[in-house]
Amino acid sequence: MENLSKLLERFSKILNRDASTKEAIASVIAERTKVSLKPEDFTLKDGVLEVNASAVAKNEIRLKEEMIKDELKNIHRLSISKIFYK
């Protein structure tokens, strides 16, 4: 029973880390571009951030893309190599 408890605790930590990562990304984008994105509006996988937003939001993010990537790397320790826009 103790092993099951430890396993569930590990899963919980993994899921919370994903939520905190998405929250950090959304807050940096909101601070820099004044565009508010929901966690379901973007995905992060293997250093590639895919953003699904309106044309105006995508253009605003694209204009400040390097600044966003630098802040995520330096402050939040998230390495993003590319940003794709859907």
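Summary of the structure given here. Each chain carries its own residue numbering, running from 1 in the written order of its sequence. At least 70 in pLDDT is required for a residue's local features to be given in this predicted model, at least 80 for side-chain atom pairs to be given and counted, and no such filter applies to totals for whole chains, interfaces and linings, which use all residues. The side-chain numbers reported here are obtained from all heavy atoms of the structure, hydrogens and water having been left aside.

**A short note on the nonpolar core**
Link 1 in the chain: Nonpolar core, defined: a set of buried Ala, Val, Leu, Ile, Met, Phe, Trp, Tyr and Cys residues in which side-chain atoms within 4.5 Å join the residues together. When a residue's accessible area, from a 1.4 Å probe over protein chains only, is under 20% of the maximum for its type it is buried; when over 50% it is exposed; and in between it is partly exposed. Residues Ile-25, Leu-37, Phe-42, Leu-49, Val-51, Ile-61 and Leu-72 are the most contacted members of the largest nonpolar core, which totals 18 residues.
Link 2 in the chain: To qualify as a helix, a DSSP run of H or I must reach at least 4 residues; to qualify as a strand, a run of E must reach at least 2; elements of each kind are numbered from the N terminus. Where this core is concerned, the elements lending two or more residues are α1 (2-33), β2 (48-51), α2 (55-63), α3 (65-74) and β3 (82-85).
Link 3 in the chain: In contact with Leu-72, other than residues within four places in its own chain, are Ala-24, Ile-25, Val-28, Arg-77, Leu-78 and Ile-80. Should any heavy atoms of two residues lie within 4.5 Å, those residues are counted as being in contact.

**Points about the sheet that holds β2**
Link 1 in the chain: Think of it this way: DSSP has to see at least two bridges between two strands before they count as a pair. In space, the three strands of this open sheet follow the order β1-β2-β3, with mixed pairing throughout. A strand with exactly one partner marks an edge of an open sheet, and here the two such strands are β1 (42-45) and β3. Across this sheet, the average inter-strand angle for adjacent strands is 20 degrees, counted without regard to direction.
Link 2 in the chain: One ladder, built from four bridges, connects β2 with β3; its direction is parallel. The residue of β3 that forms the bridge with Val-48 is Lys-82. Axes here refer to lines fitted to C-alpha atoms; in helices the fit is confined to the stretch in contact. Angles between the N-to-C directions go from 0 to 180 degrees.

That's the geometry; what it means functionally is another story.
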